[in-house]
There are 4 protein chains.
Amino acid sequence: MLDSGKGSKGLKGMFTHRHQVQFYETDLMGIVHHSNYLRFCEEARVAWAQERGLIDYQRPESAAHFAVLETHVRHLRPAIFGDVIEVELQVRREGVRIQFQYLLKRGSDRLAAVETVHVPLGKDLKPLRVPEAMKDVLEKEQWIETWLSSS
Amino acid sequence: MLDSGKGSKGLKGMFTHRHQVQFYETDLMGIVHHSNYLRFCEEARVAWAQERGLIDYQRPESAAHFAVLETHVRHLRPAIFGDVIEVELQVRREGVRIQFQYLLKRGSDRLAAVETVHVPLGKDLKPLRVPEAMKDVLEKEQWIETWLSSS
Amino acid sequence: MLDSGKGSKGLKGMFTHRHQVQFYETDLMGIVHHSNYLRFCEEARVAWAQERGLIDYQRPESAAHFAVLETHVRHLRPAIFGDVIEVELQVRREGVRIQFQYLLKRGSDRLAAVETVHVPLGKDLKPLRVPEAMKDVLEKEQWIETWLSSS
Amino acid sequence: MLDSGKGSKGLKGMFTHRHQVQFYETDLMGIVHHSNYLRFCEEARVAWAQERGLIDYQRPESAAHFAVLETHVRHLRPAIFGDVIEVELQVRREGVRIQFQYLLKRGSDRLAAVETVHVPLGKDLKPLRVPEAMKDVLEKEQWIETWLSSS
């Protein structure tokens, strides 16, 4: 998403990304295919990381600092063609793991709650320590409330 | 794309849609997978049709008025993660067929030229006559120059 | 997957589906994009349901009996272009919810453990009771071991 | 597709690849989204190249020898969930360009005719000469009839 990529702030100062549902994201049930929710969250995560200076589009391998370890999606309401989805995002660090949670909303309706867990990887796909620059950024992030309690 | 969906005009008054390349649209060559170009053009076509009042998100079957008969893509330069692609669009009618052409650009670089040809379909997937409202809209569209000459 | 769709049995009589990783399923890190794991599991689930007579391709809306409520993926090793992934599947019912677990393997390597939870939906996207035919099928399924403990 | 990847021969000795339409490949019109046809053709092309020893899964960059320059798809009939699509493939060389044509069929019904044009690329995404091994293979391929006449 374009202008949304600028990282507009929600009411509580939360990072928010917007995605309008495309025709090619629907399935024969007439709703958004469930696999796309992980893509919407990736868009939000990349927009956040780019705004915070943690991903550099000139060095795409910098995205490897958010290699996906785990994903968890709870669907509350279906989204349909043309919907404008707002993805609110929060993030915190737990040792070497970086935990994101996302609340996907259409107006005041909650569509889904998502959690993704990440570890930084090197070019060889081996885990790295969390870079200092990322630690600094993560310390300043707020964790408002837990949207999805996961094992 | 959100705000881009509002149909900003290019220099020559051309309908322009913007799409920022997402991580999930790349492949192992480090570039945008070629199948996604048809998706970017669909985004532009839907944004155009929605602006012109020809697609109604409340009635998704209205999108069937642009059933795809033919697509043709010529790739000029690869697009990569994070690129902001501008899709310029022009459209004209040839009898029952609706012809779109698209020029995909990154700044002044041309990335691809695309043509798609459509026919209106009914719910039963049978061809329909072009609706009068669509004819009226199409008569007002300008065809600037032919970007891709196709058989 | 074609012949795999016939539902070959694993060592323990477990339903197994095979998927060969396609070029278009990779991303710029050179590995399978994480959103595709949900698609591989859907392939396995549909192949299972089709074999058990619970999905009828002539009535695609029958697939709505497996509307997705929740997904949970734990990634263990990356998959790459050309890999043949074996998806082992088990399923059980908990009241109105249908729980699937999947183990994705490449040879003896475990790539991912996945859980998806489903409810039957009607055409209006409202939850239905579990159909009797499905209850009968589910009673005969074996649950071998829990691969992913989820909240 | 798995066993299909072995490259069964059609009536005329033509390379044939099979793909069963997945739920996630459909859109809200209840048919296969048009962008997926390019993916089915890529599957066929990779299966062919792998069988002919031109792509080595251990060296994914070998796939760059089939960088996509142009695609052209003509849709004849829609495909739906569960359909088994047979993709017949033929290929010839025209100087530095490699031209593939594909006929997508469901039983005796023709669903689409597709052409893709390729050039070998190096790691730096610059065009290369056609490798000798590829020339040798291409000389032995038969071009039966032209399914799609393109500019």
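Residues numbered from 1 in each chain as written. Chains lettered and ligands numbered in written order. Predicted model: local features only at pLDDT ≥ 70, side-chain atom pairs only at ≥ 80, totals over all residues. Heavy atoms only, no water.

J.: How should I be thinking about the interface of chain A and chain C in this particular structure?
T.: As a measure of interface size, the accessible area lost when the parts come together is often cited. Chain A puts 26 residues into the contact, and the matching count from chain C is 26 residues. The contact between chain A and chain C buries some 2,500 Å² in all, and 58% of this surface belongs to carbon and sulfur atoms. Among the residues of chain A in contact with chain C, A:M29, A:H34 and A:L125 are the three that bury the most area, contributing 21% of the side total. If you look at where chain A meets chain C, you find 2 salt bridges. (Contact = heavy atoms within 4.5 Å. Buried area = accessible area lost by both parts, 1.4 Å probe. Salt bridge = Lys/Arg side-chain N within 4 Å of Asp/Glu carboxyl O.)

J.: Just to check I follow, could you spell out the relation of the copies chain B and chain D for this structure?
T.: Mapping one chain copy onto the other needs a rotation about an axis and a shift along that axis. With an RMSD of 0.0 Å, the fit of chain B onto chain D corresponds to turning through 180 degrees and sliding 0.0 Å along the axis. Between the two chains, the operation in question is that of a two-fold axis. When each C-alpha of chain B is compared by its distance to the rotation axis, B:H72 comes out closest, at 2.1 Å. Comparing interface residues between copies, 100% of those in chain B also lie at the interface in chain D; the contact surface is shared. (Least-squares fit on C-alpha atoms with pLDDT ≥ 70 in both.)

J.: What am I meant to see in empty space enclosed by the protein here?
T.: In this approach the atoms are scanned with a rolling probe the size of a water molecule, which exposes any empty space left behind. Summed over all chains, the structure comprises 3 cavities of 30 Å³ or more. Counted as a void, the largest cavity has a volume near 180 Å³. Lining the largest cavity are 18 residues; nearest its centre among them are A:Y24, A:N36, A:R39, B:R39 and C:R39. Looking at the lining of the largest cavity, the elements that each hand over two or more residues are α1 (36–51) of chain A, α1 (36–51) of chain B together with α1 (36–51) of chain D. With 3 residues, α1(B) is the largest single contributor of residues to the lining of the largest cavity. Here the residues of the lining of the largest cavity sort into 4 nonpolar, 7 polar and 7 charged. Taken as a whole, the second largest cavity holds about 70 Å³ of empty space. Lining of the second largest cavity is provided by A:R39, B:Y24, B:E25, B:T26, B:H33, B:N36, C:Y24, C:E25, C:T26, C:H33, C:N36 and D:R39. Classifying every residue of the lining of the second largest cavity by side-chain character gives 2 nonpolar, 6 polar and 4 charged. (1 Å grid on protein atoms, 1.4 Å probe; cavity = no way out; pocket = protein on both sides within 12 Å on 5 of 7 lines; lining within 4 Å. Points joined across faces, edges and corners; volume = space filled by probe spheres on them. Helix = DSSP H or I, 4+ residues; strand = E, 2+ residues; numbered from the N terminus. Nonpolar A, V, L, I, M, F, W, Y, C, P; charged D, E, K, R; others polar.)

J.: Hey, could you run me through the pairing of strand β3 (residues 67–75) of chain D in this one?
T.: Two faces make up the sheet, and in a regular strand the side chains alternate between them. For strand β3 (residues 67–75) of chain B and β3(D), the ladder comprises 5 bridges, and the chain directions are antiparallel. Considered in β3(D), the bridge of B:H72 is made with D:H72. Of the pairings in the sheet, the one linking β3(D) to strand β6 (residues 109–119) of chain D comprises 8 bridges and is antiparallel in character. Residue D:V68 lies in a different strand from β6(D), and its bridge partner there is D:H118. (Pairing = 2+ DSSP bridges.)

J.: Which parts of the structure should I look at to understand the confidence of the model for chain A?
T.: When pLDDT is low, close inspection of the predicted coordinates is not appropriate. Residues and elements named next belong to chain A. Put simply, chain A has an average pLDDT of 89, and 91% of its residues get 70 or more. Model confidence for chain A, summarised as mean pLDDT per element, is weakest for strand β1 (residues 8–9) at 52 and strongest for strand β2 (residues 15–20) at 98. Segment residues 1–7 is flagged for pLDDT under 50; beyond a separation of four residues in sequence, or across chains, it makes 23 contacts in the model. Our summary of model confidence lists the complex with pTM equal to 0.92 and ipTM equal to 0.91. (pLDDT = per-residue confidence, 0-100.)

J.: What is the right way to read the pairing of strand β4 (residues 84–94) of chain C from this model?
T.: Residues and elements named next belong to chain C. For strand β2 (residues 15–20) and β4, the ladder comprises 6 bridges, and the chain directions are antiparallel. The residue of β4 that forms the bridge with F15 is L89. The hairpin formed by β4 and strand β5 (residues 97–106) contains 2 residues between the paired strands, and G95 there has a positive phi angle of roughly 65 degrees.

J.: Sorry if this is basic, but what is going on with the relation of the copies chain A and chain C here?
T.: Turning chain A through 180 degrees and shifting it by 0.0 Å along the axis lays it on chain C, with an RMSD of 0.0 Å. A share of 100% of interface residues in chain A that are also interface residues in chain C marks the association as one of identical surfaces.

J.: Please clarify how the side chain of C:E141 should be interpreted in this entry.
T.: Residues and elements named next belong to chain C. Along the chain, E141 falls in the segment after α2 (132–140). A distance of 3.2 Å separates a polar atom in the side chain of E141 from a polar atom in the side chain of W48. Of the polar contacts made by the side chain of E141, one reaches the side chain of R52; its length is 2.7 Å. In contact with E141, other than residues within four places in its own chain, are W48, R52 and V91. (Polar contact = N/O pair within 3.5 Å; in protein donor to acceptor, adjacent residues only side chain to side chain.)

J.: Would you take a moment to explain the side chain of B:Q22 for this structure?
T.: Residues and elements named next belong to chain B. Take Q22: it is sitting in the loop between β2 (15–20) and α1. Overall, the relative accessible area of 6% leaves Q22 in the buried class. A polar side-chain atom of Q22 sits 3.2 Å from the main-chain carbonyl oxygen of Q20. (Buried < 20%, exposed > 50% of the residue type's maximum accessible area, 1.4 Å probe, protein only.)

J.: Quick question: what am I supposed to make of the environment of D:M14 here?
T.: All names here are of chain D. Mapping M14 onto the fold places it in the loop between β1 (8–9) and β2 (15–20). On the basis of relative accessibility, which here comes to 5%, the residue M14 falls in the buried class. Distance from M14 to P127, taken between C-alpha atoms, is 29 Å for residues 113 residues apart in sequence.

J.: Explanation requested: the interface of chain B and chain D in the structure shown.
T.: Every contact between the two is made by 26 residues of chain B and, on the other side, 26 residues of chain D. Overall, the association of chain B and chain D removes approximately 2,500 Å² of surface from exposure, summing both partners, and the carbon and sulfur fraction of that is 58%. The interface formed by chain B and chain D includes 2 salt bridges. B:E70 serves as the salt-bridge partner of D:R74, at 3.1 Å between the closest nitrogen and oxygen. Where chain B touches chain D, the interface holds 12 residue pairs in polar contact (both at pLDDT 80 or more). Where the side of chain B that touches chain D is concerned, the elements lending two or more residues are α1 and β3 of chain B. Considering only residue class, the side of chain B that touches chain D consists of 11 nonpolar, 10 polar and 5 charged.

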